Amino acid sequence: MQTSDLEKIAVKTSIVTIIINFLLSLFKLSAGIFGASMALISDAIHSASDVFSTIIVLLGVKVSAKKPDKKHPFGHERFECVAAIILAVVLFATGAGIGYAGIETIISGEYLNFETPKTIALIAAAVSIVTKEAMFWYTLVAAKKVNSSALKADAWHHRTDALSSIGSLAGVIGAMYGVPILDSIASIIICLMIIIAAVKIFIDAIKKMTDESCDEKTEEEIRNFILSCSGVERIDDLMTRLFGNRIYVIVEIACDSNLSLCSAHEIAEEVHSGIEENFPLVKHITVHVNPYIKN
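Worth saying up front: this structure is predicted, and the values here are computed from it rather than measured. Position numbers for residues count from 1 along each chain, tracking the sequence in the order it is written. With pLDDT at 70 or above as the cut-off, local features in this predicted model cover only qualifying residues; side-chain atom pairs require 80 or more to be listed or tallied, and sums for whole chains, interfaces and linings still use all residues. The basis for every side-chain value is the complete set of non-hydrogen atoms in the structure, without hydrogens or water.

**Student:** Lay out the overall build of the chain with the relevant residues and their values.
**Tutor:** Secondary structure is summarised from DSSP: a helix means a run of H or I of at least four residues, a strand means a run of E of at least two, and numbering begins at the N terminus for each. If you tally the helices and strands in the chain, you get eight helices and three strands. Along the chain, from the amino end to the carboxyl end, the secondary structure elements read α-α-α-α-α-α-α-β-β-α-β. For a compact globule of 295 residues, the expected C-alpha radius of gyration is about 19 Å, and the chain comes in at 25 Å, more than 25% above that figure. Dimensions of the chain, computed from C-alpha atoms along their principal axes, come out at roughly 90 × 35 × 30 Å. Each residue gets one of three labels from its accessible area relative to the maximum for its type: buried under 20%, exposed over 50%, partly exposed in between, using a 1.4 Å probe on protein chains only. In the chain, which comprises 295 residues, the proportion classed as buried is 45%. Any two residues whose heavy atoms approach within 4.5 Å are treated as being in contact. Sequence separation of at least 24 residues holds for 73% of the intrachain contacts in the chain that already meet a minimum separation of 6. Per-residue and other accessible areas were derived by the Shrake-Rupley procedure at a 1.4 Å probe size, with only the shown protein chains allowed to occlude residues. On the chain, roughly 14900 Å² of surface is accessible, and the fraction owed to carbon and sulfur atoms is 65%. Each charge sign in the chain was given a centre, from 25 positive and 32 negative side chains, and these centres are 5 Å apart. For the radius of gyration, the atoms used are the C-alpha atoms, and the globule rule reads 2.2 Å times the number of residues raised to 0.38. By the counting rule applied here, Lys and Arg register as positive and Asp and Glu as negative, while His and the ends of each chain are not counted. For the purpose of locating charges, the reference atoms are NZ of Lys, CZ of Arg, CG of Asp and CD of Glu.

**Student:** Could you give an account of the nonpolar core, with specific residues and numbers?
**Tutor:** Judged by nonpolar contacts, the single largest core of 23 residues is most densely connected at Val57, Leu87, Leu91, Leu151, Ile194 and Ile201. Counting 20 residues, the second largest nonpolar core, distinct from the first, contains Val232, Ile235, Leu242 and Val271. In plain words, nonpolar cores are sets of buried Ala, Val, Leu, Ile, Met, Phe, Trp, Tyr and Cys residues tied together by side-chain atoms within 4.5 Å.

**Student:** Explain the sheet that holds strand β2 (residues 246–256) residue by residue, including any values.
**Tutor:** In spatial order, the strands read β1-β2-β3; together these three strands make up an open sheet with mixed pairing. Of all the strands in the sheet, just β1 (234–243) and β3 (282–292) have a single pairing partner and so form its edges. On average, each strand axis in the sheet is inclined to that of its neighbour by 15°, with strand direction left out of account. One ladder, built from ten bridges, connects β2 with β3; its direction is parallel. From the neighbouring strand, Tyr248 faces β3, where its bridge partner is His284. In this analysis an axis means a line fitted to C-alpha atoms, helices contributing only their contacting stretch, and an angle means the value between N-to-C directions, from 0 to 180 degrees. The strands touched by helix α8 (residues 261–278) within the sheet are β2 and β3, with β3 carrying the most contacts at an inclination of about 150°. Each pair of strands is called paired provided DSSP finds at least two bridges between the two strands.

**Student:** Break down the packing of aromatic side chains for me, with residues and values.
**Tutor:** The criterion for an aromatic pair is that two Phe, Tyr or Trp rings (for Trp, the six-membered ring) have centres within 6.5 Å, with stacked assigned to planes under 30 degrees apart, edge-to-face to planes over 60 apart and tilted to the rest. In total, this model carries two aromatic pairs according to the counting rule given. Look at Phe136 and Trp137: their rings are 5.0 Å apart centre to centre, the planes differ by 70°, and that puts the pair in the edge-to-face class. Judged by its relative accessible area of 1%, Phe136 falls in the buried class. Note on Phe225 and Phe279: the rings are 6.2 Å apart at their centroids and 75° apart in plane angle, and the pair reads as edge-to-face.

So far we have only geometry, and geometry alone does not tell us how the molecule works.
What follows is the structure, given as structure tokens:
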């Protein structure tokens, strides 16, 4: 699949997400106001922030897909990580705001003046759970297809929304049965879920920004492939590093010291081209050849 095709999939997924989140946030806000549910209003604010966060993801995907240029000779993939970091900060701030409002309501005793939530609030919370879980799977499938860390972060954002809507549902049910404080408690639970998701997204993005090696399974598969190449006697060194959603590989192989320079170069080329063909996430490979002296 070409880079342009991957970009189209990511952009289409983001646009669909923006539209659904916008409509869902309006629906939940209206239901929260008319249904007298503070937890649902908090959940609606969360969904509204999703529109902004998905726009950030969309911009990150668009920039990361740009071809290398003079100022960025290695490409722009790390801009996806920047988008994920911004998304994490926005999520954290949103969660903290919702949690603060919930705690303030409990401390002030304002929850005692809340109306009993109406049936519309219950329906809206249930619709939100189903919709957000469906969006999670839709976005996650696209994220895996294009290997986008920012899109994957957005997918988990949807899963967090689904979980927070479960909190809203619990709060609405509790309030309907005469325990109004549960509505505010649900807002605090939503806050904690959002903050946990934000921290996980932030840590994952930072790892990809700091040249962490790829996962052990992929590295082992690369190692086994290199050793299977004709003329490779052993691997003296193998290093991998993540560059956004792509992988860089540096390998030192040992070949028969009696080989001509041209023959050794051909083996290195076979290793290089073979890794590119068999590991599509690898963006660049450096192969160094050391002499191997047979006993």
